[in-house]
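Architecture and fold: a report
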Amino acid sequence: MNHMKTSRAILLCADDYALHPLVDDAVQQLTLAGRLSATSCMTTSPLWPQAAPALRELRPRLSVGLHFNLTEDHGGQHGAQALGTVLRQAYARQMPQELMRQAWREQLDAFEQVMGTPPDFIDGHQHVHQLPGLRAAMQQELQARYAAHEMPWVRSTAPAAGLWRSPKAAIIALLGGWATTRRLRHAGIPMNHGFGGVYGFDAPDTASYGRQMAGWLPHMAAGGLLMCHPASGVVPGDAIGRQRPVEFDYLMSDAFGELLQRTGCHIHQGPIQLG
């Protein structure tokens, strides 16, 4: 029996495209190997204009989205704030609405100017897209820019069934994942069906990361989304720079392919239709 006809199609998304050429290289290799559904792009990066053209050749096999960023400064080349500062301002309602709309507008403009289309989907670096105020500004900007037929889907960080027991996954959901999911569902904006891939970026080798993956995949429903952060080498100066090649090596491995088969999953590639 062909498992591709009976298994659950899940989405595997590599975050941080354009952060560093080693991240971009990993995204390209994983896509061609059939091991990636999507990548989300940092249009705030000074590398974005030169990194983006390679993605055009991978579409529509690879879905390409906006990785909305407020906290990565790209080595001092982009105005950014610490995540703790962003969290405090968001929950204290201290972010001016027009500045939030402007941030969304500028990053969406930067995506469209280079790619020539709207993003296929939206998510956030360190999940800032789901914070109070920012999620409202996102919805307003999306609805102002896009007709229903071109509306990007948005990352929900509401954990897949069974994965909410992870303390870090529960914290992400409490900080906006569940509230944003309810808001987007009410607005009719499409989302993924459950979220996984959350861990402490503390897997020292591919076997350890594989055990994490083995804990996530059985809980993923069709249309569920796993995030990952691969690079084809160590990214200098990056907080998770040494973890990235561990993820990449595992995702390219035969062991990952075997795990997908055992858990009844396959990596979706091509246009993504979510309700």
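To start, this report covers the structure provided alongside it. Within any chain, residue numbers begin from 1 and follow the written order of that chain's sequence. With pLDDT at 70 or above as the cut-off, local features in this predicted model cover only qualifying residues; side-chain atom pairs require 80 or more to be listed or tallied, and sums for whole chains, interfaces and linings still use all residues. To get the side-chain values, take all heavy atoms of the structure and skip hydrogens and water.

Alternating positions in strand S4 (residues 121–124) separate into two faces, Phe121 and Asp123 on one and Ile122 and Gly124 on the other, with burial throughout. For two strands to pair, DSSP has to find at least two bridges joining them. Secondary structure follows DSSP: runs of H or I at least 4 residues long count as helices, runs of E at least 2 residues long count as strands, and numbering of each begins at the N terminus. Pairing of strand S3 (residues 63–68) with S4, which is carried by three bridges, proceeds in the parallel orientation. Bridge pairing in S4 links Leu66 to Ile122. Pairing geometry for S4 and strand S5 (residues 153–154), over two bridges, is parallel. In the sheet register, Ile122 faces S5, and the bridge partner there is Val154. Handedness of the crossover joining S4 and S5 through helix H7 (residues 134–145): right-handed. Partly exposed residues are those whose accessible area sits between 20% and 50% of the maximum for their type, while under 20% is buried and over 50% is exposed, using a 1.4 Å probe and protein chains only. Here a crossover is taken to be right-handed if, once the strands point away from the viewer, the path from the first strand over the helix to the second is traced clockwise.

Next up on the list: helix H6 (residues 97–115). In this model H6 runs 27 Å from its N-terminal to its C-terminal C-alpha over 19 residues, within 8% of the 27 Å that 1.5 Å per residue would give. Among all positions in H6, only Met100, Arg101, Ala103, Trp104, Gln107, Leu108, Ala110, Phe111, Val114 and Met115 are buried. In the core, the buried residues of H6 are packed alongside helix H3 (48–51), helix H4 (53–56), S3, S4 and H7. Backbone geometry just downstream of H6 places Gly116 in the positive-phi region, at approximately 80 degrees. A helix is expected to span 1.5 Å multiplied by its residue count minus one. The contact rule is simple, with two residues in contact once any of their heavy atoms fall within 4.5 Å.

This paragraph deals with the packing of aromatic side chains. Each pair of aromatic rings taken from Phe, Tyr and Trp, with Trp reduced to its six-membered ring, is defined by centres within 6.5 Å and is described as stacked if the planes are under 30 degrees apart, edge-to-face if over 60, and tilted in the remaining cases. Counted by the stated rule, this structure contains nine aromatic pairs. Considering the side-chain rings of Tyr199 and Tyr209, the 5.6 Å spacing of their centres and the 50 degrees angle between planes classify their relative orientation as tilted. Linking Tyr199 in the loop between strand S6 (195–196) and helix H9 (206–216) with Tyr209 in helix H9, this pair joins segments that are ten residues apart in sequence. A relative accessible area of 0% places Tyr209 in the buried class. Relative to Phe256, the ring of Tyr250 has its centre 5.5 Å away and its plane inclined at 50 degrees; by these criteria the two rings are tilted. Residue classification places Tyr250 among the buried residues on the basis of a relative accessible area of 5%.

Tracing the backbone shows Leu226 in strand S7 (residues 225–228). Here Leu226 is in contact with Ile10, Leu11, Leu12, Cys13, Gly196, Gly197, Met213, Trp216, Leu217 and Met220, once residues within four sequence places are set aside.

Attention now moves to the nonpolar core. Here, nonpolar core means buried Ala, Val, Leu, Ile, Met, Phe, Trp, Tyr and Cys residues that are tied together by side-chain atoms lying within 4.5 Å of each other. In this structure, Trp48, Tyr209, Met213, Leu217, Leu251 and Phe256 are the most contacted members of the largest nonpolar core, which totals 40 residues. Not counting the four nearest positions on each side in its chain, Leu251 is found in contact with Leu12, Leu30, Arg35, Tyr209, Met213, Cys228 and Phe256. By size, the runner-up hydrophobic cluster in this structure holds 23 residues, among which are Leu70, Leu131, Ala137 and Val154.

The next point concerns the packing of helix H2 (residues 21–32) against helix H10 (residues 244–251). Two elements in contact, H2 and H10, have axes whose closest approach is 11 Å; the angle formed by their N-to-C orientations is 10 degrees. Classified by the angle between their axes, H2 and H10 sit roughly parallel to one another. Contacts from Val23, Ala26, Gln29 and Leu30 of H2 reach H10 at Arg244, Phe248 and Leu251. Lines fitted to C-alpha atoms define the axes here, with helix axes fitted over just the stretch in contact, and angles between the N-to-C directions of these axes take values from 0 to 180 degrees. By the definition adopted for this analysis, an angle is roughly parallel if under 35 degrees, roughly antiparallel if over 145, roughly perpendicular if from 65 to 115, and oblique otherwise.

Working definition: two side chains of opposite charge can pair if their charged atoms are close together. Take a side-chain nitrogen of Lys or Arg and a carboxyl oxygen of Asp or Glu: if they are within 4 Å of each other, that pair is a salt bridge. Per the counting criterion, the structure on display carries eleven salt bridges. Ionic pairing is found between Asp15 and Arg155, a salt bridge with its closest N-O pair at 2.8 Å. Of this pair, Asp15 sits in strand S1 (residues 8–17) while Arg155 sits in the loop between S5 and helix H8 (167–187); the two residues are 140 residues apart in sequence, bridging distant segments of the chain. Overall, Asp15 belongs to the buried group, its relative accessible area being 2%. The exposure class of Arg155 is buried, given its relative accessible area of 1%. In the salt-bridge network here, residues are joined through shared partners; they are Glu98, Arg101, Arg105, Asp109, Glu112, Glu141 and Arg145.

As a further point, take the side chain of Ser253. In this structure, Ser253 sits in the loop between H10 and helix H11 (254–262). Any N or O atom pair separated by 3.5 Å or less is treated as a polar contact, with the protein-specific requirement of one donor-capable and one acceptor-capable atom, and with residues adjacent in sequence counted only for side-chain atom pairs. Only 2.5 Å separates the side chain of Ser253 from the backbone oxygen of Tyr250, close enough to count as a polar contact.

So, about the side chain of Ser156. By the element assignment, Ser156 lies in the loop between S5 and H8. In this structure Ser156 comes out as buried when scored by relative accessible area, which is 4%. At 3.2 Å, the side chain of Ser156 forms a polar contact with the backbone nitrogen of Ala158. Within the structure, the side chain of Ser156 is placed 2.6 Å from the side chain of Thr181, a separation counted as a polar contact. Excluding residues within four positions of it along the chain, Ser156 makes contact with Thr181, Met191, Asn192 and Phe195.

The next subject is a nonpolar patch on the surface. Taken together, the side chains of Tyr91, Ile171 and Leu175 make up a nonpolar region of the molecular surface, amounting to roughly 260 Å² of accessible area. The partly exposed category is assigned to Ile171, whose relative accessible area is 48%. Here a patch means residues that are over 30% exposed by relative accessible area and free of salt bridges, tied together within 9 Å if like-charged and within 5 Å if nonpolar (Val, Leu, Ile, Met, Phe, Trp, Tyr). To be clear on the numbers: accessible area is Shrake-Rupley with a 1.4 Å probe, and residue cover counts the displayed protein chains and nothing else.

Geometric descriptors of this kind do not, in isolation, establish any biological role.
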